[in-house]
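The lines below spell out each chain.
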Amino acid sequence: MTGPGRSGPATAGDWISGARLRTLPLAVAPVALGTGAAVVAGGAGEFHWVRALLALVVAVSLQIGVNYANDYSDGIRGTDNHRVGPARLTGGGAAKPRAVLTVALAFFGVAAVAGLVLVVVSQYWWLLTVGALAIVAAWFYTGGKKPYGYLGLGELFVFVFFGLVATTGTTYVQVGTVNVESWLSAVAIGLIACGVLMVNNLRDIKPDKVAGKRTLAVWIGARASRVVFCVFLLVPFAIAGFFALFYPLAWFTFFVLLLVLPACLIVATAKTAKELILALKLTSLAALLYGILLGLAFAL
């Protein structure tokens, strides 16, 4: 896809690209961390793999749903007409807006069904409210008349729902409590997720300004955005260092710096969108490895 006006229907590859697979680590990592924390909180025999799997389905489905909803909303607003990154399904003209919206709603539906099953299995009925809020927040990120993603609040949403809620929620549905391991690791992975969004929005500062999309990167400018990105990525390793005092395997988490430090260097010196896309890929992979390694440190 090369932009508005593309002819021909969307291919399977276009739809897969529209799901933005590089963002899926942001859904997997908090579930890994929350499950590891649940093993610590519950002790031997308390691990509920079915509930962990359902939590993973919820998180991944919400992430994909957000991605398609973002594609739809930005596309019909014309925001993606000014993109410097890969063209989207709606804005690129590869798929009809209604089709993209339908796919987004389908994934939200999968998340809702998996969440309902999880609530029934765990018997924590009040979590239905949390699930409903997560879906509403996912839609209004770029949807509705006044999307908060256009007001510089995207990072806050990501931190709360793909950091705090996803991680602590995974722990809670398995053992009925949330421990320090869950809370602090939720903060850590939430910050890395914010880093992914920040580098994405840093790449799009100029076109977002033209389109009237006021992301945090637009509000604070390119230079400050580069600094904030590095803070988002490095603070989680202070948290990992704290955990390493009690869980020796947590030291392995510092190998993720082999991805994080190059990403920070690229963002600090980047001149082109292509460089920032590479940093985005490195950050997403770092999120996945951070979640898996620290989660395993808790569980083992």
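We now turn to the structure provided with this report. (Residues numbered from 1 in each chain as written. Predicted model: local features only at pLDDT ≥ 70, side-chain atom pairs only at ≥ 80, totals over all residues. Heavy atoms only, no water.)

Another aspect to go through is the environment of Ala114. Mapping Ala114 onto the fold places it in helix α4 (residues 97–122). According to the relative accessible area criterion, Ala114 is buried, its value standing at 5%. With 56 residues separating them along the chain, Ala114 and Val58 place their C-alpha atoms 5.9 Å apart. Ala114 has contacts with Leu54, Val57 and Val58, leaving out every residue within four places of it along the chain. (Helix = DSSP H or I, 4+ residues; strand = E, 2+ residues; numbered from the N terminus. Buried < 20%, exposed > 50% of the residue type's maximum accessible area, 1.4 Å probe, protein only. Contact = heavy atoms within 4.5 Å.)

As a volume, the largest pocket reaches approximately 670 Å³. Together, 33 residues line the largest pocket, and Val58, Leu127, Val130, Gly131 and Val165 are the ones closest to its centre. If you list the elements that add at least two residues to the lining of the largest pocket, you get α3 (49–77), α4, α5 (127–139) and α6 (154–175). Grouping the amino acids of the lining of the largest pocket by side-chain chemistry returns 28 nonpolar, five polar and no charged. (1 Å grid on protein atoms, 1.4 Å probe; cavity = no way out; pocket = protein on both sides within 12 Å on 5 of 7 lines; lining within 4 Å. Points joined across faces, edges and corners; volume = space filled by probe spheres on them. Nonpolar A, V, L, I, M, F, W, Y, C, P; charged D, E, K, R; others polar.)

Between helix α2 (residues 25–42) and helix α7 (residues 180–203), the least distance of the axes is 9 Å, while the angle of their chain directions is 170 degrees. When the axes of α2 and α7 are compared, the pair comes out roughly antiparallel. From α2, Leu26, Ala29, Pro30, Leu33, Ala37 and Val40 reach across to α7, where they touch Glu181, Ser182, Ser185, Ile189, Ala193 and Val196. Residue composition of the contact of α2 with α7, by class: nine nonpolar, two polar and one charged. (Axes fitted to C-alpha atoms, helices over the stretch in contact; angles between N-to-C directions. Parallel < 35°, antiparallel > 145°, perpendicular 65-115°, else oblique.)

So, about the nonpolar core. Core analysis: the biggest nonpolar cluster contains 72 residues, and Phe229, Tyr290 and Leu294 have the highest contact counts within it. Broken down by element, the residue count for this core peaks at 11 residues, all from α7. Not counting residues up to four positions away in its chain, the partners in contact with Tyr290 are Leu33, Ala188, Ile189, Ile192, Pro236, Phe237, Ile239, Ala240, Thr253, Val256 and Gly295. Formed by six residues, the second largest nonpolar core is a distinct cluster that contains Ala55, Leu118, Val119 and Val173. (Core = buried A, V, L, I, M, F, W, Y, C linked by side-chain atoms within 4.5 Å.)

For the structure shown, the criterion picks out 16 aromatic pairs. On the basis of an interplanar angle of 50 degrees and a centroid distance of 5.9 Å, the ring pair of Phe237 and Phe254 is categorised as tilted. Of this pair, Phe237 sits in helix α9 (residues 216–244) while Phe254 sits in the loop between α9 and α10 (257–269), and the two are 17 residues apart along the sequence. An aromatic cluster is present here, built from Phe242, Phe243, Phe246, Tyr247 and Phe298 joined pairwise through their rings. (Phe/Tyr/Trp six-rings, centres within 6.5 Å; stacked < 30°, edge-to-face > 60°.)

Moving on, we get to α3. For α3, which comprises 29 residues, the first-to-last C-alpha distance of 42 Å matches the rise-based estimate of 42 Å (1.5 Å per residue) to within 8%. Across the 29 residues that make up α3, a large majority, 21, are buried. (Expected span 1.5 Å × (residues − 1).)

Looking now at the environment of Val66. In this fold, Val66 is placed in helix α3. Taking the C-alpha atoms as reference points, Val66 and Trp219, 153 residues apart in sequence, are found 23 Å from one another. Apart from the residues within four sequence positions on either side, Val66 is in contact with Phe108, Ala138 and Tyr141.

Attention now moves to α9. Between its first and last C-alpha atoms α9 spans 33 Å; for 29 residues at 1.5 Å apiece the expected length is 42 Å, and the helix comes up short by more than 12%. Of all the bends found along α9, the most pronounced is centred on Ala222 and spans about 105 degrees. (Bend = angle between axes of the 7 residues up to and from the residue.)

Position of Asp71 relative to the elements: it lies in helix α3. Summary of buried charges: Asp71 has no salt-bridge partner, and the nearest side chain of opposite charge, Arg20, is 4.6 Å away. (Lys, Arg positive; Asp, Glu negative; His and termini not counted. Salt bridge = Lys/Arg side-chain N within 4 Å of Asp/Glu carboxyl O.)

This part takes up a nonpolar patch on the surface. Taken together, Leu249, Phe252, Phe255, Leu258, Ile292, Leu296 and Leu300 make up a surface patch of nonpolar side chains, about 730 Å² in accessible area. Structurally, Ile292 can be placed in helix α11 (residues 273–299). (Patch = residues over 30% accessible without salt bridge, like charges linked within 9 Å, V, L, I, M, F, W, Y side chains within 5 Å. Areas by Shrake-Rupley, 256 points an atom, 1.4 Å probe, with all protein chains shown as cover.)

None of the figures reported here should be taken as evidence of function without further support.
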